[in-house]
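# Overview (structure and organization)
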Amino acid sequence: MMVLFNRQALLKTDNAYISISANTTGTPVASIGDKNYDTLQAAVDAAKPEDTIELINNITLSTPVTIGQGEVININGKDKTIKLTTAAFSDPAAGGAVEGLKGNTQLSITNVNFEGTTANNKHALNVYNAKNVVIENMVLDHETAKTGAPLIIASSDVTVEGTLKTITGANSWYAVNVDSRGTLPGVGSKLTVDNAAILIFEGDKATGILIENSGNIGKDNVGVSFGENVEVISTIADFVPVAKAENAAVTVENPENAGIIANADGSFQMTYPVSIVINYVTKDGKVLATEEYAEKAPAGDFTWKYEDNYWLKKMPKGYEVADWDGLTKEVKATVSNDGDNVSVYDIVVKAAAEGAATSDKTPKTGDPFSLALILGLMGAAGAGTGVALKRKNR
């Protein structure tokens, strides 16, 4: 994984730079097996391809750690926090020569919380002209930065595994940017969200992933791909999970795997879980049976339709309806990204009179069941069966 903070989080010539301060107190900050190291650079220099460097303490970023071409470096942050206090390297706009990781260089950093702490920060993690990059179980906190984004992927390929949480601030552009704007001509940029990965978007900005193609290369080489069973979580108002820059030729693969709808106009929107719970209860509150139905839908109005996406299958035998209150063939609900979106109905039932053949009440106009349907349901569930519904919001 390529973890690059702010402007400093860039890759120069044949080396990758991760801005991590050298420790001057003599307190170990990292270990390989039983051996401790006072600086992360020392641990990186000593690491072999099969080794995993583990962070022992939180680290403050101020100077770059150099990773040479062809090296295989694995770092497990052990849920420690890496903070940034100053930019250690300039970005390309400032004239920095950038080439990135080349050849078979591999960099993986997992279980790390990256936190921008000053107004000098630009990007929390900047992956630039780099290959073989894996991000796993990481938090990118961009709340206090004066510009930029939590994650930039420029002419690079990055895979997200586990959980990636981004936090945007008032000055952030968006959460994630994928673009072909690197210094290597014709090189694409791709974000792959692995199977069962979780993307969490928090903070001020409503745009999750913005895709651009500044290098004007083939659209198949620039974009985002979602693996199976990906979960996207955000309670940001008007959240947009994926957006394309205007006229950008890019590709978004399998957005439905992440609960994302691709609209006809090329835009994308999230869907959220929505469910209806139907309880069959006596007048004293005893629950005799329960059934639940679940869907996913965009934020806004949603309609439950009888015999389309909800049914009444578990009415208890030997009961009749107490009244029909609330449930209709088309039940309106409101879907939001910051609620549980659950509509609860209690069907109040009472014991049927001995020998009763029909319900003691006829459903009101607009209710889902005609008298004939009630009789049919009663016949299926037992003579004297009936229902009455009262809506609850949860």
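Computed from a prediction, not measured in an experiment: that's the story for all the values here. (Residues numbered from 1 in each chain as written. Predicted model: local features only at pLDDT ≥ 70, side-chain atom pairs only at ≥ 80, totals over all residues. Heavy atoms only, no water.)

## Considerations on the overall build of the protein chain
For the protein chain, the count of helices and strands is two helices and 30 strands. Taken over 394 residues, the protein chain has a buried fraction of 50%. By sequence separation, contacts in the protein chain at least 24 residues apart represent 77% of the contacts at least 6 residues apart. Summed over its atoms, the accessible surface of the protein chain is roughly 17000 Å², and 46% of this surface lies on carbon and sulfur atoms. (Helix = DSSP H or I, 4+ residues; strand = E, 2+ residues; numbered from the N terminus. Buried < 20%, exposed > 50% of the residue type's maximum accessible area, 1.4 Å probe, protein only. Contact = heavy atoms within 4.5 Å. Areas by Shrake-Rupley, 256 points an atom, 1.4 Å probe, with all protein chains shown as cover.)

## A word on the nonpolar core
Counting 79 residues, the largest nonpolar core has Ile53, Leu191 and Phe226 as its most contacted members. Per element, the largest residue contribution to this core is five residues, and it comes from strand β24 (residues 272-281). In this structure leucine 191 touches Ile153, Val158, Val160, Val176, Val178, Ile209, Gly223, Val224 and Ser225, once residues within four positions along its chain are discounted. In terms of nonpolar packing, the next biggest core, distinct from the first, is built from seven residues, Ala149, Ile152, Ala154 and Ala243 among them. (Core = buried A, V, L, I, M, F, W, Y, C linked by side-chain atoms within 4.5 Å.)

## Describing the side chain of asparagine 177
Residue placement: asparagine 177 occurs in strand β14 (residues 176-179). Residue classification places asparagine 177 among the buried residues on the basis of a relative accessible area of 0%. A polar atom in the side chain of asparagine 177 sits 3.1 Å from the backbone oxygen of leucine 210. For asparagine 177, the residues in contact, after removing those within four places along its chain, are Leu151, Ile152, Ile153, Leu210 and Glu212. (Polar contact = N/O pair within 3.5 Å; in protein donor to acceptor, adjacent residues only side chain to side chain.)

## Focus: the packing of aromatic side chains
Applying the stated rule across the entire model yields five aromatic pairs. On the basis of an interplanar angle of 55° and a centroid distance of 5.5 Å, the ring pair of tyrosine 293 and tryptophan 311 is categorised as tilted. You can see tyrosine 293 sitting in strand β25 (residues 287-297) and its partner tryptophan 311 sitting in the loop between β26 (300-305) and β27 (319-321), a full 18 residues away along the chain. Under the relative-accessibility criterion, tyrosine 293 is labelled buried at 13%. Summarising the aromatic geometry, the rings of phenylalanine 302 and tryptophan 304 are spaced 5.1 Å apart at their centres and angled 85° between planes, so their arrangement reads as edge-to-face. What makes phenylalanine 302 buried here is its relative accessible area of 14%. (Phe/Tyr/Trp six-rings, centres within 6.5 Å; stacked < 30°, edge-to-face > 60°.)

## As for the sheet that holds strand β12 (residues 151-154)
Taken in spatial order, the five strands make up an open sheet running β10-β12-β14-β17-β20, and their pairing is parallel. Edge positions in the open sheet fall to β10 (125-128) and β20 (240-244), since each of these has one partner strand only. The mean inter-strand angle of the sheet, taken between neighbouring strand axes irrespective of direction, is 10°. Two strands pair when backbone bridges link them, and β10 and β12 are joined in this way by four bridges, in the parallel orientation. Across the sheet, the residue bridging to valine 127 is isoleucine 153, located in β12. (Pairing = 2+ DSSP bridges. Axes fitted to C-alpha atoms, helices over the stretch in contact; angles between N-to-C directions.)

## Some details on the environment of lysine 78
Considering the arrangement of structural elements, one finds lysine 78 in strand β8 (residues 72-84). It is 9.0 Å that separates the C-alpha atoms of lysine 78 and asparagine 57, two residues lying 21 residues apart in sequence. Those residues in contact with lysine 78 that sit more than four places away from it in its chain are Glu54, Leu55, Thr110 and Asn111.

## Quick notes on the confidence of the model for the protein chain
Per-residue confidence for the protein chain gives a mean pLDDT of 78, with 72% of residues at or over 70. Summarising per-element confidence for the protein chain, the mean pLDDT is lowest in strand β1 (residues 11-12) (29) and highest in strand β17 (residues 207-211) (98). pLDDT under 50 marks residues 1-25. Its contacts with residues more than four places away, or in other chains, come to 143 contacts. Counted against residues more than four places away or in other chains, residues 357-365, with its pLDDT under 50, gives 20 contacts. (pLDDT = per-residue confidence, 0-100.)

## Observations concerning the pattern of salt bridges
Enumeration according to the criterion identifies two salt bridges in this entry. As a salt-bridge pair, glutamate 202 and lysine 165 come within 3.4 Å of each other at their nearest N and O atoms. Pair noted here: glutamate 202 is in strand β16 (residues 198-203) and lysine 165 is in strand β13 (residues 157-168), with a separation of 37 residues, a long-range link. A salt bridge links aspartate 179 to arginine 181; the shortest N-O distance between them is 3.3 Å. (Salt bridge = Lys/Arg side-chain N within 4 Å of Asp/Glu carboxyl O.)

## Re unusual backbone geometry
Non-glycine residue aspartate 79 carries a positive phi angle of around 65°. Within the element layout of this structure, aspartate 79 appears in strand β8. A positive phi is found at asparagine 216, a non-glycine position, where the angle reads about 55°. For asparagine 216, the location among the structural elements is in the loop between β17 and β18 (222-226).

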